[in-house]
Amino acid sequence: MATLPTRQLQATSPSLLLFAGRATSSLPSATVSVEDEEDESTVISISNQNTGQSVTLIGTAHLSEKSNKQVRRLIETLQPNAVMIEIDPSRLERLGFSNVDEIKIATVTDSEDIELPIAPRKTKGGGLMRFAQEASIGVFSQVARAVLTQIYKSLENDMDQKAGGEFLQAVQSAESCTACDTLILGDRNSITTISRVAELAIDSGDFMGVLNRLQAVNQEEIDTLEPKVRKELLIQKGQEGNDDYELDKTELTTAIIETLKDDEMYRTRLFARLEQDVPEFFQAFLKERDYLMSESILREFEKRPEEVKTIVGVVGLAHVPGMERHFKSVFANQPAPLVQDIATVSSV
């Protein structure tokens, strides 16, 4: 057995593993099994009282076997008319599909034609340096995606399972669901998201500082979490206080991911810090994608109001709070949170 090096943990951002956030389940108690109750904090249902339509969001950890099983159980129980997953068409291949025609569902849609509200860019600085930074966005985005892909592959090897298994499970469950005739690929291309981080970083005048700030938050939070998880595992094995005991790397990595999924206080602190310390990352990776995925679901409700009454969304945990706010605002005939944010910024 091998000890998981601290430097490897630090290189693996918890924000990438989880995008975690808290949501309270409002599923009818009769539909929740004992096993579901363990994960009920990761599920929320929001209803539109005017139309009778409802959306259920299942918050997942991208390398959690428990998440995969929960997705299957809830889709089987709820029998939705449509399922939305945090995937864009370019990532279907990672789930084992060469193209959408291989998915055995009547209709497959995406969010690529949904217009994203973006505040006018406020530039800081200029000249040759800014021109060079703008020109490097494409290269930066390609390199960053390659790095993120490698991080996930490393974790997949450690845990002997593929990241995003909950999305494949959602597709398979939707294919088996008699009521479901639509699969929504609600996310945007990862290159676009990374490019947006670069644009926002340039606008903030701290292009390279974004990565440094993100790494600093990640390292500090992992340094806090890893000893706690290790101690709990040692207690379970009757080795409390034995710092020389070598924990299996896969077991430790799995325990860290499940702790990320279950620890509300850690998740709340992590994402509060990210929003405060790395707003460029938080805006591009969370707020904008929350908007697009929420709108992809709302569009399906609007297209077929009499036929589509229930939609299930399968997303990383951190997207649940923002998407919940989005649906509550729109169902109350209020502007979406991102639209409100942009209006506030523009008025300053």
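Residues numbered from 1 in each chain as written. Predicted model: local features only at pLDDT ≥ 70, side-chain atom pairs only at ≥ 80, totals over all residues. Heavy atoms only, no water.

Visitor: Would you take a moment to explain the overall build of the protein chain for this structure?
Guide: Secondary structure assignment for the protein chain yields 14 helices and six strands. Within the protein chain, the fraction of its 348 residues that count as buried is 51%. Restricting the contact set of the protein chain to residue pairs at least 6 apart, pairs at least 24 apart contribute 80%. (Helix = DSSP H or I, 4+ residues; strand = E, 2+ residues; numbered from the N terminus. Buried < 20%, exposed > 50% of the residue type's maximum accessible area, 1.4 Å probe, protein only. Contact = heavy atoms within 4.5 Å.)

Visitor: For this particular structure, what's the right way to read the sheet that holds strand β4 (residues 107–110)?
Guide: Sheet strands pair via backbone hydrogen bonds, and the direction of the pair is either parallel or antiparallel. The six strands are arranged β1-β2-β6-β3-β5-β4 in an open sheet whose pairing can be described as mixed. Of all the strands in the sheet, just β1 (43–48) and β4 have a single pairing partner and so form its edges. On average, each strand axis in the sheet is inclined to that of its neighbour by 20°, with strand direction left out of account. Helix α4 (residues 65–78) rests against β1, β2 (53–60), β3 (82–85) and β6 (310–316) of the sheet, and its axis sits at about 165° to β2. Its contacts with the sheet put helix α12 (residues 279–303) on β2, β3, β4, β5 (182–185) and β6, and the angle it makes with β6 is roughly 170°. (Pairing = 2+ DSSP bridges. Axes fitted to C-alpha atoms, helices over the stretch in contact; angles between N-to-C directions.)

Visitor: Looking at this structure, I do not really get the nonpolar core. What am I missing?
Guide: Soluble, globular proteins show a tendency: their nonpolar side chains are buried together. Residues V229, F271, L274 and V278 are the most contacted members of the largest nonpolar core, which totals 30 residues. Of all elements in the fold, only α8 (190–204), α9 (209–236), α10 (249–262), α11 (264–277) and α12 reach the threshold of two or more residues within this core. Counting residues per element, this core draws most heavily on α9, at seven residues. Not counting residues up to four positions away in its chain, the partners in contact with V229 are L252, A255, I256 and T259. (Core = buried A, V, L, I, M, F, W, Y, C linked by side-chain atoms within 4.5 Å.)

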